[in-house]
Amino acid sequence: MRISGIHKSFGTLKVLDGVSIDVTEGMVTAILGPSGCGKTTLLRICAGLVEPDQAPDASLVQLRSQRAAFLFQEPRLLPWDTAAENVELVLQDLAPQDRRSVASRLLDEVGLSGYGGYYPPELSGGMKQRVAMARCFAYPAAVLYMDEPFQGLDLELKLSLFDTFRSLNFQEPPPGDTGASGPRTVIFVTHDVTEAALLGDHVYVFSPRPATVRHRVDNPVPMNERALQNAAVRDFEGQLYGMILTQG
Amino acid sequence: MKRFHFPGSADPAVPDTFFYRRARGYLIFALSVIVLLLVWQFLARLIHLEIILPTPSRVLRELGQIASQPDFLHSLGSTVARGAAGFLVAAGTGFVAGLAVGLSRGVENALKPLITLIQATPVMSVILLALIWFRTGGVPIFVAFLMTFPVITLNVARGVREVDTHLLEMSRAYHLRRRTVLTRIYIPSVSPYVISAFSIALGLTWKVIIAAEVLSQPPFGIGTQLQEARVELETARVFAWTAVAVLLAGASDGLFYLLLRAVTGKRKATV
């Protein structure tokens, strides 16, 4: 699916200058760019939270018509509801007992068994982002938007969240799924080269604002073999660094 | 009951547990009350003129005397009824107006001149005008309503505006239903503001009601009794009725929080 020629300005500030990306079904499309380059705006346009300057074309309309889950920069949990209630929140179409079982299964899978009754202020930053991840994978969706959800977490926590993400994305979809099966189509925005090298199947390197696509590279290492210890991953990481540094 | 925190005042001989900290808090509170009473007693002795400053014990006796009068409950009840009427009307209309102001800039701009006008008008002007317009018993209710309405409206509006936009965006991203957004995001975010608005308004209500009663002189009311006592230069009685007003404000505040705990406790249990 090709999302093409997206322009967006906020007042006189030009943010996106004719950006086009290909989104492959069931793959992770990573968008790597400097902070404030407009990559989050592109994500929000794809998700339908922001309108582009020109009317959305057929493929953008099609992308938007699919059910989508979100992982934001912040966990965005309701502070007055427990972890389990936060996950159940997005399962409004299910019967109450199904909601409870889906929520508890997903909390188990993100490594938070026994924490369902805790309130967000009682949890650490990493645990809160895990709850957000449980909520996101509890929601039946074909598309997943990730807006720097690993930002500000330490490396160890980040790597374990990557593992959780991989195991959740490649498992059976939850009951009540709207027909999409298998891994979700992921659009992943980040400014962290390592994150892009570890998670992105296709990586787009963006220029500083106004954002344009500088490079598109495919990850030579299959998802399940990617690890920091893998030399091929490190080579790919080096290649991405090279692209960013030669941008001038 | 308020809890006091005195960091650094820990005595190594006293274990710093929750119980002891709490007990120490109550002790300091009680000591503070005793010191205030002693200062009052000392000044009364120094001045030695009951018409200027009666002693605490004299006021306590006076309090017993007015409480045993047949009209006491009638006066107290009349003030309570007026306060409740003014507060309930202001709470209802202020809450609705606050929601509207918080959600819509248009409504905000439309109501702003009125609210600013009410807030800037001296209480005494409102009372005097109300005296011209209404019967005596209605004056305090009208004045209390007018004085507390802006407080409630502005606080509720602020609460609505402080709703976390990140959470609202999350609710849109996950296509949450309107009703879910209202009950799970808006109401929990706004309720602390509503509670503080009601608490402030309740305290304000008694002061305004009594001030209006002093001037409008309805047949029964704490304000009426205060004014009569003043005219008769019964200073101890002025103090005694003031004590009744203070106790009334304290009791209503306590009742409000008790009610609140009962309501929120029940809600937590059913979810």
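Given the structure is predicted, the values throughout are model-derived calculations rather than measurements.

### Description of the overall build of chain B
Helix and strand counts for chain B come out as ten helices and zero strands. Secondary structure elements of chain B occur, N-terminal to C-terminal, as α-α-α-α-α-α-α-α-α-α. In summary, chain B has a C-alpha radius of gyration of 23 Å against a globular reference of 18 Å for 271 residues, an excess of more than 25%. Considering chain B as a whole, with its 271 residues, one finds that 30% of them fall into the buried category. Partitioning the contacts of chain B with sequence separation of at least 6, the portion at a separation of at least 24 is 73%.

### Focus on the overall build of chain A
Secondary structure summary: chain A contains eight helices and eight strands in total. In terms of overall dimensions, chain A is globule-like: its C-alpha atoms have a radius of gyration of 18 Å, near the 18 Å expected for 248 residues. Seen through its principal axes, chain A has C-alpha atoms that stretch 55 × 45 × 35 Å. In chain A, 71% of the contacts between residues at least 6 apart in sequence involve partners at least 24 apart.

### Quick look at unusual backbone geometry
Located in the positive-phi region is A:Arg76, a residue other than glycine, with phi close to 50 degrees. Within the secondary structure, A:Arg76 sits in the loop between strand S4 (68-71) and helix H3 (83-88).

### With respect to the sheet that holds strand S7 (residues 202-206) of chain A
Residue and element names in this part refer to chain A. The six strands are arranged S4-S5-S6-S3-S7-S8 in an open sheet whose pairing can be described as mixed. The outermost strands of the open sheet, each flanked by one partner alone, are S4 and strand S8 (213-218). When the angles between neighbouring strand axes are averaged without regard to direction, this sheet yields 15 degrees. Running at roughly 175 degrees to S4, helix H5 (residues 125-138) makes contact with S4 and strand S5 (143-147) of the sheet.

### Some words on the interface of chain B and chain A
Where the parts come together, the accessible area they lose is often given as the size of the interface. Between chain B and chain A, the contact holds 13 residues from the first and twelve residues from the second. Residue assignment for the side of chain B that touches chain A shows that the elements contributing at least two residues are helix H7 (165-173) and helix H8 (178-216) of chain B. Classifying every residue of the side of chain B that touches chain A by side-chain character gives seven nonpolar, two polar and four charged.

### Considerations on the nonpolar core
Grouped together as the largest cluster of nonpolar side chains are 71 residues, with contacts concentrated most on A:Val87 and A:Ala138. Counting residues per element, this core draws most heavily on H5(A), at seven residues. Excluding residues that lie within four positions of it along the chain, A:Val87 makes contacts with A:Ala103, A:Leu106, A:Leu107, A:Val131, A:Ala134, A:Arg135 and A:Ala138. Ranked by size, the runner-up nonpolar core spans 47 residues in total, among them B:Ile127, B:Leu154, B:Ala157 and B:Val190.

### Overview of the confidence of the model for chain B
Any segment with low pLDDT has predicted coordinates that should not be analysed in fine detail. Residue and element names in this part refer to chain B. The predicted model of chain B averages 89 in pLDDT, with 92% of residues at 70 or higher. Of the regions scoring below 50 in pLDDT, residues 266-271 engages in zero contacts with residues more than four places distant in sequence or in other chains. For this predicted complex, the interface confidence comes out at an ipTM of 0.86, alongside a pTM of 0.76.

### Looking at the domain arrangement of chain B
Annotation of chain B at the domain level lists domain 1 (1-48) and domain 2 (72-270). Placing the centre of domain 1 of chain B and that of domain 2 of chain B at their C-alpha centroids yields a distance of 32 Å.

### Examining the packing of helix H6 (residues 138-161) of chain B against H8(B)
All names here are of chain B. Following both chains from N to C, one finds H6 and H8 inclined at 160 degrees, their axes separated by 8 Å at the closest point. Here H8 runs roughly antiparallel to H6, going by the angle between their axes. Judged by the twist between their axes, the crossing of H6 over H8 is right-handed. Its residues assigned to classes, the contact of H6 with H8 shows 20 nonpolar, seven polar and two charged.

### Observations concerning the packing of helix H3 (residues 72-103) of chain B against H6(B)
Residue and element names in this part refer to chain B. The geometry of H3 relative to H6 is characterised by a closest axis approach of 6 Å and an angle of 30 degrees between their N-to-C directions. The orientation of H3 with respect to H6, classified from their angle, is roughly parallel. Where H3 crosses over H6, the handedness of that crossing is right-handed. The residue inventory of the contact of H3 with H6, partitioned by class, reads 19 nonpolar, ten polar and two charged.

### As for helix H4 (residues 105-120) of chain B
Residue and element names in this part refer to chain B. If you check H4, its first and last C-alpha atoms are 22 Å apart, about what 16 residues at 1.5 Å a residue would give, namely 22 Å. Of all the bends found along H4, the most pronounced is centred on Leu111 and spans about 40 degrees, while Pro113, a proline, follows it within four residues. For H4, the buried fraction is low: zero of the 16 residues fall into the buried class.

### Some words on the environment of B:Ala201
All names here are of chain B. You can see Ala201 is positioned in helix H8. In this structure Ala201 comes out as buried when scored by C-beta crowding, with 24 C-beta atoms within 10 Å. Sequence-wise, Ala201 and Gln41 are 160 residues apart; in three dimensions their C-alpha atoms are separated by 33 Å. Not counting chain neighbours up to four residues away, the residues in contact with Ala201 comprise Phe87, Ala90, Ala91, Thr148, Val151 and Ile152.

### Structural notes on the pairing of strand S6 (residues 185-190) of chain A
Residue and element names in this part refer to chain A. Burial analysis of S6 places six of its six residues in the buried class, the great majority of the element. Alignment of S5 against S6, held across five bridges, turns out to be parallel. Bridge pairing in S6 links Met146 to Phe188.

### Observations regarding the pairing of strand S1 (residues 2-10) of chain A
Residue and element names in this part refer to chain A. Two elements, S1 and strand S2 (residues 13-22), share seven bridges in a ladder whose sense is antiparallel. By the bridge assignment for S2, Lys8 is matched with Leu16. Following S1, the chain reverses through two residues before pairing antiparallel with S2; Gly11 in that reversal takes a positive phi of roughly 65 degrees.

### Topic: the environment of B:Ala212
All names here are of chain B. Within the secondary structure, Ala212 is located in helix H8. A residue is classified by how many C-beta atoms lie within 10 Å of it, and Ala212, with 29 of them, is buried. For Ala212 and Leu255, which are 43 residues apart along the polypeptide, the C-alpha to C-alpha distance reads 24 Å. Sequence-distant contacts of Ala212, defined by excluding residues within four places in its chain, comprise Ile127, Val139, Pro140, Val143 and Gly223.

### Considering the environment of A:Pro79
All names here are of chain A. Residue position: Pro79 is located in the loop between S4 and H3. With 43 residues separating them along the chain, Pro79 and Glu122 place their C-alpha atoms 9.5 Å apart. Once residues lying within four places of it in the same chain are set aside, the contact partners of Pro79 are Tyr119, Pro120 and Pro121.

Conventions used here
Residues numbered from 1 in each chain as written. Chains lettered and ligands numbered in written order. Predicted model: local features only at pLDDT ≥ 70, side-chain atom pairs only at ≥ 80, totals over all residues. Helix = DSSP H or I, 4+ residues; strand = E, 2+ residues; numbered from the N terminus. Rg over C-alpha atoms; globule rule 2.2 N^0.38 Å. Buried ≥ 20, exposed ≤ 12 C-beta atoms within 10 Å, placed from the backbone. Contact = placed C-beta atoms within 7 Å. Pairing = 2+ DSSP bridges. Axes fitted to C-alpha atoms, helices over the stretch in contact; angles between N-to-C directions. Nonpolar A, V, L, I, M, F, W, Y, C, P; charged D, E, K, R; others polar. Core = buried A, V, L, I, M, F, W, Y, C linked by C-beta atoms within 7 Å. pLDDT = per-residue confidence, 0-100. Domains from an automatic or database assignment. Parallel < 35°, antiparallel > 145°, perpendicular 65-115°, else oblique. Left-handed = near helix turned anticlockwise from the far one by under 90°. Expected span 1.5 Å × (residues − 1). Bend = angle between axes of the 7 residues up to and from the residue.

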